[in-house]
Amino acid sequence: MAAGAGSLVAAVLAHSGRLDKEDLGTRIGRLSRRVEELKGEVCTMITKKYSEFLPGMQSAEELVARVDGLSRSVDLLRAGVENEVQRDLTVAVAEFTELKQQLEQDTLVLSILKKLQEFDTALKEYNTALLEKRYIEAAQQLEKARSSLKTLESRKGFELKILKALRTELTVQTQNMLYHLGEEWQKLAVWKLPPSKGKLLLKYILKPLISYPFLQPFVEEQSDVVILKFKSEKPDLDHSSPVEVFDKIKFILEVLHKYLLNVPVEQCVEDKKECRVTLAELLGDMIWEELSDCLIQNCLVNSIPTNSSKLEQYIEVIKSTEEFEKALKKMQFLKGDTTDLLKYARNVNSHFANKKCQDVIVAARNLMTSEIHNTVKITPDSSVALPKLPDPGSGDHVKMQKTSKLPNEMVNLENDSKLSQYTFSLPTCRISASVEKLMELAYQTLLETTASTDQCCIQLFYSVRNIFQLFYDVVPTYHKENLQKLPQLAAIHHNNCMYIAHHLLTMGHQFRYRLTNILCDGAATFVDLVPGFRRLGMECFLAQMRVQKGEILERLSSARNFSNMDDEENYSAANKAIRQVLHQLKRLGKVWQDVLPVNVYCKAMGTLLNTALSEIVTRIVALEDISAEDADRLYSLCRIMVEEGPQVFTPLPEEDKNKKYQEEVPVYVQKWMMFKELMIILQANLQEIVDQWADGKGPLAAEFSPAEVKSLIRALFQNTERRAAALAKIK
């Protein structure tokens, strides 16, 4: 307030220069009074505020004093709790834990004592039942005792020395029970069978009934004895029908169920209604899997039809299988689920296809591994005994368009010249009888596909393809050694492959519109196999040709290069080599006679004879010196080849028919005319040789080169002016 007054006085004095003295005094008085008023107001306000603050401050001081007192009380209380109550609480918790452990131990002891009591009671009741020959009740009590002992042994951390004694006692009583049961079994059931540790019922009764159709079971009932016997009867078939086998098995199991196996093996629990497990059910669990496998492999497999027309008759087998399983379920040998036995019977279409395919492949393999040399003759008129195929009916895969008749005024554009009916026929030759049967098997299998289901049709069709793929792999490997050593078998194999390829061209087309839709869209074909079979036959025959060529060249290698023929020893060696070659060719001619097609025969023999002539020409042309005597002897050797060479061409058994092919030797032997020109040179003079050359236009020039002719002239004639003149004309 004083500061405010000072400021006011300062402001007034600032204006003093402009005010009168009177006004200044007046105003100073007013200001002084105003200052005094302001001082009074300020003091009043301060007094009022202090009077309001003082009671609050006093209350706060009282509250702080009370809080301090309460804090001291709390500290005292905490100290008391920590010192006295906490100690008492710790003691109480320890006592509670000890009491709890004592309770658990007492409970465990009580439960163990209870189980011991149950074990003792069960053994007492077991002994009572065993003495009275109530074996089922005795077995049940023994099982109770075993359960109690098992519970006692499962208690961890609680071992009793008595448990070992109880276990020993239980083992003794179990063996005692088994002994008494064995004694009773020996009295009640007599097995006149060899001793065995296996499943006697399966091994000596059920399986023989399945495998041997001549066995028939029957029962003899006496006052207190039931005897199960078997008798032997002459069977009508090699395998029993499933209906007969099922009846036999059912008869045996019914007898066992009636007299032995309709007995529960455990007691029912009160809150469970369906708990009755019988010996029949236990036996079924033990033997059914093996029994059903035996029924499938030795009974149902044999009953699968081999022809699609018999599939409808198989419904009887399916029904019989269903009735058999129902009977076994009724006797509790089987549970409610469908078994593999019934599934197998119902899946007959698939099994038929699998069996048919397997039979086809097995039959085909047997044919492939049979002897090749047993042959049949194939002529253009020959054909596989094809079954008559049904005509495609309306609604089949492809409708055949009817051709309309040509109007009378239209010109017939058909060519007058027609192809022979044998144009596309296989030429006359010999093939293996097994291959002919193989083709018949393929056609018969394809015919089977036309009356089969879609899936079966597809399987059978591809089985036929597998036949030919198997032939491609098996025959060359299985008969490899004979095909390499025996020329006749190589020729027959060649024919076999060509015969198969010939039929594969049209086989798919013949059945195209009679197969399932899936195969009718271009898949039903065998044409893709044709090149492979042709190549297979050609490679085998060409390999044999290479062998024969090698033998020819080897024999000619012993001719001492046809040099120095004036030496008797050299001439004899050359003559022997030529005779051996001719003998080899004649032998081959006989071996391949009436086997290979005539055109193939002539080409093959012509190629081999050409090999011999070419080798002889090469050796003679390479000679540097040929005396007159050498030339005469070389000519005589060549004349043997020319005279006897054509005689190796005997493709047909009829001798009079072979003359035609012997006259056509130049057609098949490329070097024939060269060989004859060589013979002319060996006997000609210089002028005759020049005339044969005829300035490069004569027959000699057509077969020999100028260098070869000059070499022969130098070898045959001495170096004279006439020879030089002759050589000059050879160009």
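What counts as what
- Per-chain numbering applies: the sequence of each chain, read as written, is numbered from 1 onward.
- Since the coordinates come from a predicted model, pLDDT governs what is reported: local features require at least 70, and pairs of side-chain atoms require 80 or more to be given and counted, while whole-chain, interface and lining totals use all residues.
- No hydrogens and no water enter the side-chain calculation; it runs on all heavy atoms of the structure.
- Surface patches are defined over residues having more than 30% relative accessible area and no salt bridge, joining like charges when they lie within 9 Å and nonpolar side chains (Val, Leu, Ile, Met, Phe, Trp, Tyr) when within 5 Å.
- Per-residue and other accessible areas follow the Shrake-Rupley method at a 1.4 Å probe size, with only the shown protein chains counted as cover for residues.
- Any Lys or Arg side-chain nitrogen found within 4 Å of a carboxyl oxygen on Asp or Glu counts as a salt bridge.
- Numbering of helices and strands starts at the N terminus; helices are DSSP runs of H or I of at least 4 residues and strands are runs of E of at least 2.
- In this scheme, a residue with accessible area under 20% of its type's maximum is buried, one over 50% is exposed, and one in between is partly exposed, where area comes from a 1.4 Å probe on protein chains only.
- Confidence of the predictor at the level of single residues is given by pLDDT, which spans 0 to 100.
- In this description, contact between two residues means that some pair of their heavy atoms is separated by no more than 4.5 Å.
- Definition used in this section: a nonpolar core is a set of buried Ala, Val, Leu, Ile, Met, Phe, Trp, Tyr and Cys residues joined via side-chain atoms within 4.5 Å.
- Only Phe, Tyr and Trp rings are paired, with Trp represented by its six-membered ring, and only when their centres lie within 6.5 Å; those with planes under 30 degrees apart are stacked, over 60 edge-to-face, the remainder tilted.
- Throughout this description, the term charge over a ring refers to an Arg CZ or Lys NZ atom that lies within 6 Å of the ring centre and within 35 degrees of the ring normal.
- As defined here, a cavity is a set of points on a 1 Å grid over the protein atoms alone where a 1.4 Å probe fits but cannot get out. A pocket is an open set with protein on both sides within 12 Å along at least five of seven lines, and residues line them when an atom is within 4 Å of a point.
- Grid points are joined across faces, edges and corners, and a volume is the space filled by probe spheres set on the points.
- Ten residue types, Ala, Val, Leu, Ile, Met, Phe, Trp, Tyr, Cys and Pro, are classed as nonpolar, four, Asp, Glu, Lys and Arg, as charged, and the remainder, Gly among them, as polar.
- Take the residue count of a helix, subtract one, and multiply by 1.5 Å to get its expected span.
- An axis is simply a line fitted to the C-alpha atoms; with a helix, the fit covers only the stretch in contact. Between two such axes, the angle follows the N-to-C directions and lies from 0 to 180 degrees.
- Here the word oblique covers every angle except those under 35 degrees (roughly parallel), over 145 (roughly antiparallel) and from 65 to 115 (roughly perpendicular).
- Here a crossing is taken to be left-handed if its near helix is turned anticlockwise relative to the far helix by less than a right angle, and right-handed if that turn runs clockwise.

A. Local environment of a nonpolar patch on the surface. Residues Trp 185, Val 226, Tyr 259 and Leu 260 make up a contiguous nonpolar surface patch of about 320 Å² in total accessible area. In this structure, Tyr 259 sits in helix H6 (residues 242-261). Its relative accessible area of 34% is what places Tyr 259 among the partly exposed residues.

B. Highlighting the confidence of the model for the protein. Summarising the model, the protein shows a mean pLDDT of 82, and 84% of its residues fall at 70 or more. Here residues 1-6 scores under 50 on pLDDT; set against residues more than four positions off or in separate chains, the count is four contacts.

C. View of the nonpolar core. If you look at the biggest cluster of nonpolar residues, it comprises 75 residues, and the most contacted ones within it are Phe 562, Trp 592, Ile 620, Met 641, Phe 675 and Phe 704. Ranked by residues supplied to this core, first place goes to helix H18 (residues 598-621) with 12 residues. Sequence-distant contacts of Phe 562, defined by excluding residues within four places in its chain, comprise Leu 556, Ala 574, Ile 578, Ile 616, Arg 619, Ile 620, Leu 623, Leu 634 and Leu 637. Ile 205, Trp 288, Leu 300 and Leu 328 belong to the second-largest nonpolar core, a separate cluster that totals 43 residues.

D. Looking closely at the packing of aromatic side chains. Taken as a whole and assessed by the stated rule, the structure comprises 11 aromatic pairs. Taken together, a centroid distance of 6.4 Å and an interplanar angle of 35° make the contact between Trp 288 and Phe 324 tilted. Here Phe 324 lies in helix H8 (residues 315-330) and Trp 288 lies in helix H7 (residues 279-303), a separation of 36 residues in the sequence. In terms of burial, Trp 288 and Phe 324 fall into one category: buried. Among the aromatic residues, those joined into a cluster by ring pairs are Phe 461, Tyr 462, Phe 468, Phe 471, Tyr 472, Phe 526 and Phe 533. Over the aromatic face of Phe 218 sits the side chain of Lys 231, whose NZ or CZ is 5.6 Å from the ring centroid.

E. Fine view of empty space enclosed by the protein. For the structure on display, the rule yields two cavities of 30 Å³ or more. Considering the residues around the largest cavity, the lining is formed by Leu 367, Met 368, Ser 370, Ile 372, Ser 432, Ser 434, Val 435, Leu 438, Phe 471, Val 475, His 479 and Asn 496. Contributing elements (two or more residues each) for the lining of the largest cavity: helix H10 (348-368), helix H11 (433-449) and helix H12 (454-478). At three residues, H11 tops the list of elements feeding residues into the lining of the largest cavity. Counted by class, the lining of the largest cavity contains seven nonpolar, five polar and no charged residues. If you trace the second largest cavity, you find it lined by Leu 253, Gly 284, Ile 287, Trp 288, Leu 291, Leu 328 and Phe 333. Ranked by residues supplied to the lining of the second largest cavity, first place goes to H7 with four residues. In terms of residue class, the lining of the second largest cavity is built from six nonpolar, one polar and no charged.

F. Highlighting the pattern of salt bridges. Counted by the stated rule, this structure contains 21 salt bridges. A salt bridge links Glu 143 to Arg 146; the nearest nitrogen and oxygen atoms lie 3.2 Å apart. Here Glu 143 pairs with Arg 146, and both are found in helix H3 (residues 135-153), just three residues apart, close to one helical turn. Between Glu 629 and Arg 633 there is a salt bridge, with the nearest N and O atoms lying 3.9 Å from each other.

G. Focus on H11. For H11, which comprises 17 residues, the first-to-last C-alpha distance of 25 Å matches the rise-based estimate of 24 Å (1.5 Å per residue) to within 8%. Of all 17 residues that make up H11, 12 are buried, and the element is covered over most of its length. Listed in full, the buried residues belonging to H11 are Ala 433, Ser 434, Val 435, Leu 438, Met 439, Leu 441, Ala 442, Tyr 443, Thr 445, Leu 446, Glu 448 and Thr 449. On its buried face, H11 sits against H10, strand S3 (375-378), strand S4 (429-432), H12 and helix H14 (487-511).

H. Expanded view of helix H19 (residues 628-644). When the terminal C-alpha atoms of H19 are compared, their 24 Å separation across 17 residues agrees well with the 24 Å that a helix rising 1.5 Å per residue should span. Regarding H19, the residues found buried are Asp 630, Ala 631, Arg 633, Leu 634, Ser 636, Leu 637, Cys 638, Ile 640, Met 641, Val 642 and Glu 644. Buried residues along H19 sit against helix H17 (568-592), H18, helix H22 (672-683) and helix H25 (706-716).

I. Main features of the environment of Glu 325. Relative to the assigned elements, Glu 325 resides in helix H8. Taking C-alpha positions, Glu 325 is 9.3 Å from Phe 246, a pair spaced 79 residues apart along the chain. Not counting residues within four places of it along the chain, the set of residues in contact with Glu 325 comprises Trp 288, Leu 334, Thr 339, Leu 341 and Leu 342.

J. Molecular detail of the packing of H14 against H17. For the pair H14 and H17, interaxial distance at closest approach is 9 Å and the crossing angle is 40°. Looking at the two axes, H14 sits oblique to H17. Crossing handedness for the pair H14 and H17: right-handed. Of the residues in H17, those in contact with Pro 487, Gln 488 and Ala 491 of H14 are Leu 588, Val 591 and Trp 592.

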